[in-house]
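# Structural features, examined
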Amino acid sequence: MGRVSRRVFATAALSALAATPRASAAPRDLSGAPGGPGRGGAATGEMRGMWVATVTNRDWPSRPGLGADRQRAELLAHLDAAVRAGLNTVVFQVRPTADALWPSPHEPWSQYLTGTQGRDPGWDPLGTAVEEAHARGLELHAWFNPYRVAMHADPARLAASHPARRNPGWVVPYGGRLYYNPGLPEVRAFVREAMLDAVRRYPVDAVHFDDYFYPYPVAGQTFDDDLAHDTHGGDFPDRAAWRRDNVDRLVRETAAGIREIRPGTRFGISPFGVWRNADVDARGSDTSAGVQTYDDLHADTRRWARENWIDYICPQLYWNIGFAAADYAKLLPWWAEVVRGSGTLLYAGEALYKAGDPAQPAAWRDPAELSRHLTLAARYPEARGHVFFAAREVTADPAGAMARVTADHYRRPARVPRHRDGP
(Lines give C-alpha, C1' and ligand atoms only; values in the text may rest on other atoms or scores of the structure.)
Protein backbone atom coordinates (compact mmCIF):
# COMPACT_ATOMS: atom_id res chain seq x y z
CA MET A 1 0.00 0.00 0.00
CA GLY A 2 1.00 3.60 -0.34
CA ARG A 3 2.15 5.87 -3.14
CA VAL A 4 4.88 3.49 -4.26
CA SER A 5 2.97 0.27 -3.96
CA ARG A 6 -0.71 0.67 -4.73
CA ARG A 7 -0.42 3.04 -7.68
CA VAL A 8 2.41 1.20 -9.40
CA PHE A 9 1.20 -2.33 -8.89
CA ALA A 10 -2.47 -1.73 -9.58
CA THR A 11 -1.57 -0.15 -12.91
CA ALA A 12 1.08 -2.69 -13.86
CA ALA A 13 -0.99 -5.67 -12.82
CA LEU A 14 -3.94 -4.70 -14.96
CA SER A 15 -2.09 -3.49 -18.01
CA ALA A 16 -0.28 -6.79 -18.35
CA LEU A 17 -1.78 -9.92 -19.84
CA ALA A 18 -3.21 -12.43 -17.43
CA ALA A 19 -0.51 -14.39 -15.72
CA THR A 20 0.08 -17.96 -16.91
CA PRO A 21 -1.62 -20.38 -14.53
CA ARG A 22 0.78 -22.28 -12.31
CA ALA A 23 0.60 -25.78 -10.93
CA SER A 24 -0.91 -25.69 -7.46
CA ALA A 25 -2.64 -27.70 -4.84
CA ALA A 26 -5.06 -26.68 -2.13
CA PRO A 27 -3.20 -25.92 1.11
CA ARG A 28 -3.77 -28.19 4.05
CA ASP A 29 -6.76 -27.38 6.21
CA LEU A 30 -5.61 -25.22 9.09
CA SER A 31 -8.98 -23.72 9.81
CA GLY A 32 -9.30 -25.14 13.32
CA ALA A 33 -12.49 -24.55 15.22
CA PRO A 34 -15.46 -23.07 13.40
CA GLY A 35 -16.40 -19.45 13.76
CA GLY A 36 -14.59 -16.22 13.08
CA PRO A 37 -11.43 -15.16 14.87
CA GLY A 38 -12.90 -12.04 16.46
CA ARG A 39 -15.72 -11.33 18.84
CA GLY A 40 -18.71 -13.57 19.08
CA GLY A 41 -21.26 -10.78 18.67
CA ALA A 42 -22.49 -9.76 15.24
CA ALA A 43 -21.03 -6.63 13.70
CA THR A 44 -23.35 -3.69 13.43
CA GLY A 45 -23.32 -0.48 11.50
CA GLU A 46 -21.57 0.51 8.29
CA MET A 47 -17.85 0.75 7.67
CA ARG A 48 -16.82 4.25 6.58
CA GLY A 49 -13.08 4.19 6.78
CA MET A 50 -9.86 5.70 5.53
CA TRP A 51 -6.31 4.46 5.48
CA VAL A 52 -3.52 6.57 6.98
CA ALA A 53 -0.31 5.42 5.26
CA THR A 54 3.00 6.17 6.95
CA VAL A 55 5.37 4.31 4.61
CA THR A 56 7.47 6.86 2.70
CA ASN A 57 5.49 9.52 4.64
CA ARG A 58 2.66 9.02 2.15
CA ASP A 59 -0.05 10.50 4.39
CA TRP A 60 1.55 11.14 7.76
CA PRO A 61 3.74 12.66 9.05
CA SER A 62 4.09 15.06 6.13
CA ARG A 63 7.85 14.60 6.31
CA PRO A 64 10.28 12.94 8.70
CA GLY A 65 11.97 14.96 11.41
CA LEU A 66 9.07 17.15 12.50
CA GLY A 67 8.81 17.86 16.21
CA ALA A 68 6.45 15.81 18.36
CA ASP A 69 3.92 18.65 18.66
CA ARG A 70 3.77 19.13 14.88
CA GLN A 71 3.45 15.40 14.25
CA ARG A 72 0.65 15.14 16.77
CA ALA A 73 -1.17 18.13 15.30
CA GLU A 74 -0.99 16.66 11.80
CA LEU A 75 -2.33 13.32 13.04
CA LEU A 76 -5.23 14.96 14.85
CA ALA A 77 -6.02 16.98 11.73
CA HIS A 78 -6.46 13.73 9.79
CA LEU A 79 -8.76 12.36 12.50
CA ASP A 80 -10.79 15.55 12.42
CA ALA A 81 -11.02 15.35 8.63
CA ALA A 82 -12.38 11.80 8.95
CA VAL A 83 -15.12 13.08 11.26
CA ARG A 84 -15.99 15.94 8.90
CA ALA A 85 -16.28 13.49 6.00
CA GLY A 86 -18.76 11.36 7.94
CA LEU A 87 -16.34 8.47 8.47
CA ASN A 88 -16.23 6.24 11.52
CA THR A 89 -12.96 4.28 11.18
CA VAL A 90 -9.28 5.06 10.68
CA VAL A 91 -6.88 2.34 9.53
CA PHE A 92 -3.52 3.58 10.82
CA GLN A 93 -0.27 2.09 9.49
CA VAL A 94 1.83 1.38 12.56
CA ARG A 95 4.42 -1.10 11.22
CA PRO A 96 5.30 0.04 7.69
CA THR A 97 8.75 -1.57 7.28
CA ALA A 98 9.48 -3.99 10.14
CA ASP A 99 9.62 -1.01 12.48
CA ALA A 100 7.18 0.56 14.92
CA LEU A 101 5.11 3.64 15.65
CA TRP A 102 4.94 2.68 19.31
CA PRO A 103 7.67 1.84 21.87
CA SER A 104 8.12 -1.76 20.76
CA PRO A 105 10.54 -4.05 22.59
CA HIS A 106 10.98 -6.03 19.37
CA GLU A 107 11.64 -3.53 16.59
CA PRO A 108 13.10 -0.02 16.22
CA TRP A 109 11.17 3.22 15.99
CA SER A 110 10.19 3.96 12.40
CA GLN A 111 12.45 6.17 10.33
CA TYR A 112 9.37 7.92 8.96
CA LEU A 113 8.98 9.71 12.29
CA THR A 114 12.41 11.24 12.93
CA GLY A 115 14.31 10.45 9.75
CA THR A 116 16.53 8.00 11.64
CA GLN A 117 15.39 4.47 12.29
CA GLY A 118 15.52 3.68 15.98
CA ARG A 119 15.40 7.28 17.21
CA ASP A 120 12.73 7.91 19.85
CA PRO A 121 10.29 10.56 18.55
CA GLY A 122 9.47 11.69 22.07
CA TRP A 123 5.86 10.58 22.05
CA ASP A 124 3.68 7.54 21.35
CA PRO A 125 1.88 7.87 17.99
CA LEU A 126 -0.15 4.66 18.24
CA GLY A 127 -1.22 5.29 21.82
CA THR A 128 -2.24 8.82 20.92
CA ALA A 129 -4.07 7.67 17.79
CA VAL A 130 -6.13 5.13 19.73
CA GLU A 131 -7.04 7.61 22.46
CA GLU A 132 -7.86 10.49 20.12
CA ALA A 133 -9.77 8.34 17.62
CA HIS A 134 -11.96 6.92 20.35
CA ALA A 135 -12.53 10.41 21.76
CA ARG A 136 -13.97 11.36 18.36
CA GLY A 137 -16.17 8.29 18.07
CA LEU A 138 -13.83 6.66 15.54
CA GLU A 139 -12.58 3.11 15.52
CA LEU A 140 -8.83 2.67 15.24
CA HIS A 141 -7.60 -0.31 13.22
CA ALA A 142 -3.87 -0.92 13.58
CA TRP A 143 -2.41 -1.66 10.14
CA PHE A 144 0.66 -3.89 9.90
CA ASN A 145 2.78 -4.97 6.94
CA PRO A 146 4.05 -8.41 8.00
CA TYR A 147 7.11 -9.09 5.86
CA ARG A 148 8.47 -5.89 4.32
CA VAL A 149 11.78 -4.97 5.95
CA ALA A 150 12.93 -1.99 3.89
CA MET A 151 12.12 0.00 0.78
CA HIS A 152 15.78 -0.43 -0.19
CA ALA A 153 18.11 -3.44 -0.47
CA ASP A 154 21.00 -2.43 1.83
CA PRO A 155 20.93 -4.15 5.25
CA ALA A 156 23.67 -1.77 6.44
CA ARG A 157 21.16 1.09 6.30
CA LEU A 158 18.98 -0.57 8.93
CA ALA A 159 19.37 0.38 12.58
CA ALA A 160 22.16 -1.57 14.23
CA SER A 161 19.64 -3.17 16.59
CA HIS A 162 17.28 -4.22 13.81
CA PRO A 163 16.29 -7.91 13.98
CA ALA A 164 17.01 -8.22 10.25
CA ARG A 165 20.64 -7.31 10.92
CA ARG A 166 20.89 -9.67 13.87
CA ASN A 167 19.32 -12.46 11.79
CA PRO A 168 20.53 -11.98 8.19
CA GLY A 169 19.34 -15.47 7.27
CA TRP A 170 15.77 -14.29 7.72
CA VAL A 171 16.04 -11.72 4.93
CA VAL A 172 15.58 -12.01 1.17
CA PRO A 173 16.54 -9.11 -1.14
CA TYR A 174 14.12 -8.83 -4.03
CA GLY A 175 13.15 -6.10 -6.46
CA GLY A 176 15.37 -3.52 -4.79
CA ARG A 177 13.83 -4.11 -1.36
CA LEU A 178 14.33 -6.34 1.66
CA TYR A 179 11.76 -8.86 2.88
CA TYR A 180 11.51 -11.34 5.70
CA ASN A 181 11.22 -14.89 4.37
CA PRO A 182 7.67 -16.18 5.02
CA GLY A 183 8.89 -19.76 4.64
CA LEU A 184 10.82 -19.74 7.92
CA PRO A 185 8.78 -20.71 11.00
CA GLU A 186 11.02 -18.55 13.17
CA VAL A 187 10.24 -15.53 11.00
CA ARG A 188 6.51 -16.12 11.25
CA ALA A 189 6.80 -16.48 15.03
CA PHE A 190 8.80 -13.27 15.30
CA VAL A 191 6.63 -11.05 13.11
CA ARG A 192 3.52 -12.37 14.82
CA GLU A 193 4.92 -11.51 18.25
CA ALA A 194 6.14 -8.11 17.06
CA MET A 195 2.70 -7.22 15.72
CA LEU A 196 0.74 -8.62 18.64
CA ASP A 197 2.76 -6.50 21.07
CA ALA A 198 0.63 -3.57 19.93
CA VAL A 199 -2.55 -5.53 20.65
CA ARG A 200 -1.30 -6.23 24.18
CA ARG A 201 -0.54 -2.59 24.83
CA TYR A 202 -3.47 -0.76 23.26
CA PRO A 203 -7.25 -1.26 22.94
CA VAL A 204 -7.15 -1.23 19.15
CA ASP A 205 -10.45 -2.12 17.51
CA ALA A 206 -8.86 -4.33 14.85
CA VAL A 207 -5.65 -5.67 13.42
CA HIS A 208 -5.35 -4.95 9.71
CA PHE A 209 -3.06 -6.45 7.04
CA ASP A 210 -2.70 -4.95 3.58
CA ASP A 211 -2.01 -6.67 0.26
CA TYR A 212 1.61 -7.72 0.77
CA PHE A 213 2.43 -11.31 1.61
CA TYR A 214 4.97 -12.73 -0.80
CA PRO A 215 6.09 -9.68 -2.81
CA TYR A 216 4.55 -8.63 -6.08
CA PRO A 217 6.42 -10.27 -9.00
CA VAL A 218 9.35 -8.39 -10.53
CA ALA A 219 10.20 -9.39 -14.09
CA GLY A 220 13.44 -11.31 -14.41
CA GLN A 221 13.94 -11.78 -10.66
CA THR A 222 13.46 -14.76 -8.38
CA PHE A 223 12.52 -14.68 -4.72
CA ASP A 224 15.26 -16.88 -3.31
CA ASP A 225 13.69 -19.14 -0.73
CA ASP A 226 15.40 -22.32 -1.93
CA LEU A 227 16.90 -23.24 1.44
CA ALA A 228 13.67 -22.66 3.33
CA HIS A 229 11.77 -24.70 0.76
CA ASP A 230 14.30 -27.54 0.91
CA THR A 231 14.02 -27.55 4.71
CA HIS A 232 10.28 -27.08 5.19
CA GLY A 233 8.53 -27.74 1.89
CA GLY A 234 8.78 -31.50 1.55
CA ASP A 235 5.12 -32.23 2.25
CA PHE A 236 3.83 -30.12 -0.64
CA PRO A 237 3.47 -30.93 -4.33
CA ASP A 238 5.15 -27.71 -5.45
CA ARG A 239 6.61 -24.49 -4.13
CA ALA A 240 3.47 -22.47 -4.78
CA ALA A 241 1.38 -24.74 -2.53
CA TRP A 242 4.03 -24.52 0.19
CA ARG A 243 4.13 -20.74 -0.05
CA ARG A 244 0.35 -20.51 0.22
CA ASP A 245 0.46 -22.70 3.29
CA ASN A 246 3.05 -20.38 4.83
CA VAL A 247 0.74 -17.40 4.34
CA ASP A 248 -2.27 -19.37 5.56
CA ARG A 249 -0.35 -20.19 8.71
CA LEU A 250 0.46 -16.55 9.38
CA VAL A 251 -3.20 -15.64 9.03
CA ARG A 252 -4.38 -18.42 11.31
CA GLU A 253 -1.65 -17.86 13.90
CA THR A 254 -2.29 -14.12 14.00
CA ALA A 255 -6.03 -14.67 14.41
CA ALA A 256 -5.40 -17.08 17.29
CA GLY A 257 -3.05 -14.61 18.96
CA ILE A 258 -5.57 -11.79 18.75
CA ARG A 259 -8.26 -13.99 20.30
CA GLU A 260 -5.94 -14.94 23.15
CA ILE A 261 -4.58 -11.48 23.93
CA ARG A 262 -7.60 -9.22 23.48
CA PRO A 263 -10.83 -11.10 22.80
CA GLY A 264 -13.19 -9.08 20.69
CA THR A 265 -10.53 -7.27 18.66
CA ARG A 266 -11.27 -7.92 15.00
CA PHE A 267 -8.88 -9.06 12.28
CA GLY A 268 -9.22 -7.76 8.73
CA ILE A 269 -7.22 -8.02 5.53
CA SER A 270 -7.18 -5.72 2.50
CA PRO A 271 -5.91 -7.77 -0.45
CA PHE A 272 -5.34 -6.85 -4.07
CA GLY A 273 -8.79 -6.93 -5.63
CA VAL A 274 -8.38 -9.95 -7.93
CA TRP A 275 -8.10 -13.42 -6.41
CA ARG A 276 -7.89 -15.28 -9.76
CA ASN A 277 -9.16 -14.60 -13.26
CA ALA A 278 -12.00 -16.81 -14.48
CA ASP A 279 -9.98 -18.01 -17.47
CA VAL A 280 -7.54 -19.56 -14.98
CA ASP A 281 -10.06 -20.78 -12.44
CA ALA A 282 -13.82 -21.04 -13.01
CA ARG A 283 -14.37 -19.77 -9.47
CA GLY A 284 -12.49 -16.57 -10.30
CA SER A 285 -13.74 -13.16 -11.38
CA ASP A 286 -14.51 -11.93 -14.88
CA THR A 287 -11.22 -10.04 -15.06
CA SER A 288 -7.97 -10.12 -17.00
CA ALA A 289 -5.57 -8.94 -14.31
CA GLY A 290 -1.87 -9.51 -14.78
CA VAL A 291 -1.49 -10.23 -11.06
CA GLN A 292 -3.60 -12.75 -9.15
CA THR A 293 -3.21 -12.98 -5.42
CA TYR A 294 -3.54 -16.76 -5.32
CA ASP A 295 -0.80 -17.37 -7.88
CA ASP A 296 1.54 -14.41 -7.49
CA LEU A 297 1.33 -13.31 -3.86
CA HIS A 298 0.48 -16.84 -2.68
CA ALA A 299 -2.45 -15.49 -0.70
CA ASP A 300 -5.66 -17.54 -0.90
CA THR A 301 -7.84 -14.59 -0.01
CA ARG A 302 -11.04 -16.25 -1.21
CA ARG A 303 -10.52 -19.13 1.19
CA TRP A 304 -9.84 -16.87 4.16
CA ALA A 305 -13.15 -15.12 3.56
CA ARG A 306 -15.29 -18.15 2.72
CA GLU A 307 -14.00 -20.20 5.64
CA ASN A 308 -14.32 -17.30 8.08
CA TRP A 309 -10.67 -17.19 9.07
CA ILE A 310 -10.88 -13.41 9.37
CA ASP A 311 -13.55 -11.00 10.55
CA TYR A 312 -13.57 -8.80 7.47
CA ILE A 313 -12.06 -8.60 4.03
CA CYS A 314 -11.55 -5.29 2.27
CA PRO A 315 -10.40 -5.99 -1.30
CA GLN A 316 -8.74 -3.08 -3.04
CA LEU A 317 -11.27 -2.46 -5.81
CA TYR A 318 -9.24 0.38 -7.25
CA TRP A 319 -10.80 0.50 -10.71
CA ASN A 320 -13.63 2.44 -12.22
CA ILE A 321 -16.98 1.09 -13.31
CA GLY A 322 -16.51 -0.18 -16.85
CA PHE A 323 -12.72 -0.66 -16.67
CA ALA A 324 -12.13 -3.55 -19.07
CA ALA A 325 -9.44 -5.50 -17.21
CA ALA A 326 -11.10 -5.24 -13.80
CA ASP A 327 -14.54 -3.68 -13.75
CA TYR A 328 -15.68 -2.48 -10.32
CA ALA A 329 -19.23 -3.40 -11.31
CA LYS A 330 -18.12 -7.03 -11.81
CA LEU A 331 -15.70 -7.35 -8.90
CA LEU A 332 -18.00 -6.00 -6.20
CA PRO A 333 -20.70 -8.64 -6.84
CA TRP A 334 -18.03 -11.34 -7.17
CA TRP A 335 -16.73 -10.55 -3.70
CA ALA A 336 -20.30 -10.35 -2.38
CA GLU A 337 -20.81 -13.90 -3.57
CA VAL A 338 -17.53 -14.98 -1.93
CA VAL A 339 -18.56 -13.82 1.53
CA ARG A 340 -22.23 -14.80 1.25
CA GLY A 341 -23.08 -17.04 4.20
CA SER A 342 -19.54 -17.03 5.53
CA GLY A 343 -19.75 -14.65 8.49
CA THR A 344 -16.86 -12.63 7.02
CA LEU A 345 -17.84 -9.00 6.46
CA LEU A 346 -17.12 -7.35 3.11
CA TYR A 347 -15.87 -3.78 2.82
CA ALA A 348 -14.81 -2.29 -0.51
CA GLY A 349 -11.46 -0.56 -0.76
CA GLU A 350 -11.89 2.63 -2.80
CA ALA A 351 -9.27 4.50 -4.86
CA LEU A 352 -9.95 8.05 -3.74
CA TYR A 353 -6.38 8.89 -4.76
CA LYS A 354 -7.29 8.37 -8.43
CA ALA A 355 -10.06 10.97 -8.41
CA GLY A 356 -9.16 13.89 -10.64
CA ASP A 357 -5.80 12.39 -11.67
CA PRO A 358 -5.29 13.10 -15.39
CA ALA A 359 -3.08 10.01 -15.67
CA GLN A 360 -6.03 7.78 -14.82
CA PRO A 361 -8.84 6.67 -17.15
CA ALA A 362 -11.34 9.39 -18.01
CA ALA A 363 -13.94 8.05 -15.57
CA TRP A 364 -11.81 9.28 -12.66
CA ARG A 365 -12.05 12.88 -13.81
CA ASP A 366 -15.73 12.79 -12.89
CA PRO A 367 -15.95 13.56 -9.15
CA ALA A 368 -19.10 11.41 -9.00
CA GLU A 369 -17.29 8.15 -9.89
CA LEU A 370 -16.78 7.07 -6.30
CA SER A 371 -20.31 8.05 -5.34
CA ARG A 372 -21.54 5.70 -8.07
CA HIS A 373 -19.50 2.91 -6.45
CA LEU A 374 -21.39 3.35 -3.21
CA THR A 375 -24.71 3.48 -5.04
CA LEU A 376 -23.92 0.21 -6.80
CA ALA A 377 -22.67 -1.47 -3.62
CA ALA A 378 -25.93 -0.59 -1.84
CA ARG A 379 -27.62 -3.19 -4.05
CA TYR A 380 -25.60 -5.96 -2.37
CA PRO A 381 -26.42 -6.60 1.30
CA GLU A 382 -23.06 -8.34 1.75
CA ALA A 383 -21.23 -5.04 1.07
CA ARG A 384 -21.11 -3.51 4.53
CA GLY A 385 -19.11 -0.39 3.83
CA HIS A 386 -16.11 1.26 2.17
CA VAL A 387 -12.57 2.30 3.05
CA PHE A 388 -10.90 5.14 1.15
CA PHE A 389 -7.26 5.39 0.13
CA ALA A 390 -6.13 7.58 1.64
CA ALA A 391 -6.04 10.20 4.39
CA ARG A 392 -4.21 12.84 2.38
CA GLU A 393 -7.02 12.90 -0.16
CA VAL A 394 -9.75 12.74 2.46
CA THR A 395 -8.22 15.76 4.17
CA ALA A 396 -7.47 17.87 1.06
CA ASP A 397 -10.07 16.40 -1.35
CA PRO A 398 -8.56 18.16 -4.37
CA ALA A 399 -11.10 16.75 -6.84
CA GLY A 400 -14.17 17.08 -4.62
CA ALA A 401 -14.86 13.35 -4.85
CA MET A 402 -14.94 12.81 -1.08
CA ALA A 403 -17.29 15.74 -0.62
CA ARG A 404 -19.58 14.17 -3.22
CA VAL A 405 -19.54 10.83 -1.38
CA THR A 406 -20.33 12.57 1.90
CA ALA A 407 -23.17 14.60 0.38
CA ASP A 408 -24.70 11.64 -1.42
CA HIS A 409 -24.23 8.89 1.16
CA TYR A 410 -22.90 10.08 4.53
CA ARG A 411 -25.28 12.86 5.56
CA ARG A 412 -26.41 10.87 8.58
CA PRO A 413 -23.92 9.58 11.14
CA ALA A 414 -23.19 5.88 10.98
CA ARG A 415 -22.84 3.57 13.88
CA VAL A 416 -19.34 2.20 14.24
CA PRO A 417 -18.87 -1.08 12.35
CA ARG A 418 -19.24 -3.08 15.54
CA HIS A 419 -20.08 -2.63 19.16
CA ARG A 420 -17.23 -2.37 21.67
CA ASP A 421 -17.81 -5.02 24.27
CA GLY A 422 -14.26 -6.34 24.57
CA PRO A 423 -11.54 -5.25 26.96
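In what follows, the structure referred to is the one given above.
Residues numbered from 1 in each chain as written. Predicted model: local features only at pLDDT ≥ 70, side-chain atom pairs only at ≥ 80, totals over all residues. Heavy atoms only, no water.

## Description of the overall build of the chain
A count of helices and strands for the chain gives 14 helices and 11 strands. Relative to its 423 residues, the chain shows a buried fraction of 61%. Sequence-distant contacts, at least 24 apart, represent 76% of the contacts inside the chain between residues at least 6 apart. Per element, the accessible surface of the chain, about 15,200 Å² overall, is 51% carbon and sulfur. (Helix = DSSP H or I, 4+ residues; strand = E, 2+ residues; numbered from the N terminus. Buried < 20%, exposed > 50% of the residue type's maximum accessible area, 1.4 Å probe, protein only. Contact = heavy atoms within 4.5 Å. Areas by Shrake-Rupley, 256 points an atom, 1.4 Å probe, with all protein chains shown as cover.)

## Here we look at the packing of aromatic side chains
Across all of its chains, the model carries 23 aromatic pairs by this definition. Consider the rings of Y212 and Y216, whose centres lie 5.3 Å apart with planes at 75 degrees: the pair is edge-to-face. We note that Y212, like Y216, is buried. With 5.6 Å between their ring centres and 70 degrees between their planes, W275 and Y294 make a pair best called edge-to-face. (Phe/Tyr/Trp six-rings, centres within 6.5 Å; stacked < 30°, edge-to-face > 60°.)

## Some remarks on the pattern of salt bridges
Scanning the model with the defined rule gives 28 salt bridges in all. Measuring nitrogen to oxygen at the nearest pair gives 2.6 Å for the salt bridge that ties D80 to R136. Of this pair, D80 sits in helix α2 (residues 68-84) while R136 sits in the loop between α4 (125-135) and β3 (139-144), placing them 56 residues apart in sequence. A relative accessible area of 25% means that R136 is categorised as partly exposed. The salt bridge involving E369 is made with R372; its shortest N-O contact spans 3.3 Å. Separated by 3 residues within a single helix, E369 and R372 lie in helix α12 (residues 369-377), roughly one turn from each other. Exposure remark for E369: the relative accessible area of 3% places this residue in the buried category. The partly exposed category is assigned to R372, whose relative accessible area is 36%. Residues participating in the shared-partner salt-bridge network are R58, D59, R392 and E393. (Salt bridge = Lys/Arg side-chain N within 4 Å of Asp/Glu carboxyl O.)

## Focus: the pairing of strand β8 (residues 266-269)
The side-chain alternation of β8 yields two buried faces, one formed by R266 and G268 and the other by F267 and I269. As paired strands, β8 and strand β9 (residues 312-313) are joined by 2 bridges and run parallel to one another. Considered in β9, the bridge of I269 is made with I313. (Pairing = 2+ DSSP bridges.)

## Notes on the pairing of strand β5 (residues 171-174)
Bridge count between β5 and strand β6 (residues 177-180): 4 bridges; the pairing is antiparallel. Across the sheet, V172 pairs through a bridge with Y179, a residue of β6. Between β5 and the antiparallel strand that follows it, β6, lie 2 residues; G175 among them carries a positive phi value of about 60 degrees.

## Observations regarding unusual backbone geometry
Cis geometry marks the peptide bond from W60 to P61; its omega dihedral reads -20 degrees. Its location among the elements puts P61 in the loop between β1 (47-52) and α2. A cis geometry characterises the amide bond from F389 onward to A390, with omega recorded as 5 degrees. Along the chain, A390 turns up in the loop between β11 (383-388) and α13 (391-396). Phi at N57 is positive, roughly 55 degrees, even though this residue is not glycine.

## Section: the sheet that holds strand β4 (residues 148-150)
Within the open sheet, the 3 strands sit side by side as β4-β6-β5. Their pairing is antiparallel. If you trace the sheet from one side to the other, it starts and ends with β4 and β5, each paired once. Looking at each pair of strands side by side, their axes are set apart by 35 degrees on average, direction ignored. Inspection of the sheet shows β4 paired to β6 by 2 bridges, in the antiparallel sense. Considered in β6, the bridge of A150 is made with L178. (Axes fitted to C-alpha atoms, helices over the stretch in contact; angles between N-to-C directions.)

## Re the sheet that holds β1
A barrel is described by the order of its strands in space; here 8 strands give the closed sequence β1-β2-β3-β7-β8-β9-β10-β11, paired in parallel fashion. Summarising the sheet, strand β7 (residues 206-209) and β8 pair through 4 bridges and their orientation is parallel. Within β8, the residue paired with H208 across the bridge is G268. Against the sheet, helix α6 (residues 185-201) engages β2 (89-95), β3 and β7, with an angle of about 135 degrees to β2. In the packing of helix α8 (residues 239-261) onto the sheet, the strands contacted are β7 and β8, and the crossing angle to β8 comes to about 155 degrees.

## Thoughts on α4
Among the 11 residues of α4, 8 are classified as buried, and the element is accordingly described as predominantly covered. Two or three places before L126, at the start of α4, stands the capping residue D124, its side-chain oxygen 3.3 Å from that residue's backbone nitrogen. (Polar contact = N/O pair within 3.5 Å; in protein donor to acceptor, adjacent residues only side chain to side chain.)

## Concerning the environment of R392
Examined against the element boundaries, R392 turns out to sit in helix α13. Look at R392 and you get partly exposed, because its relative accessible area is 32%.

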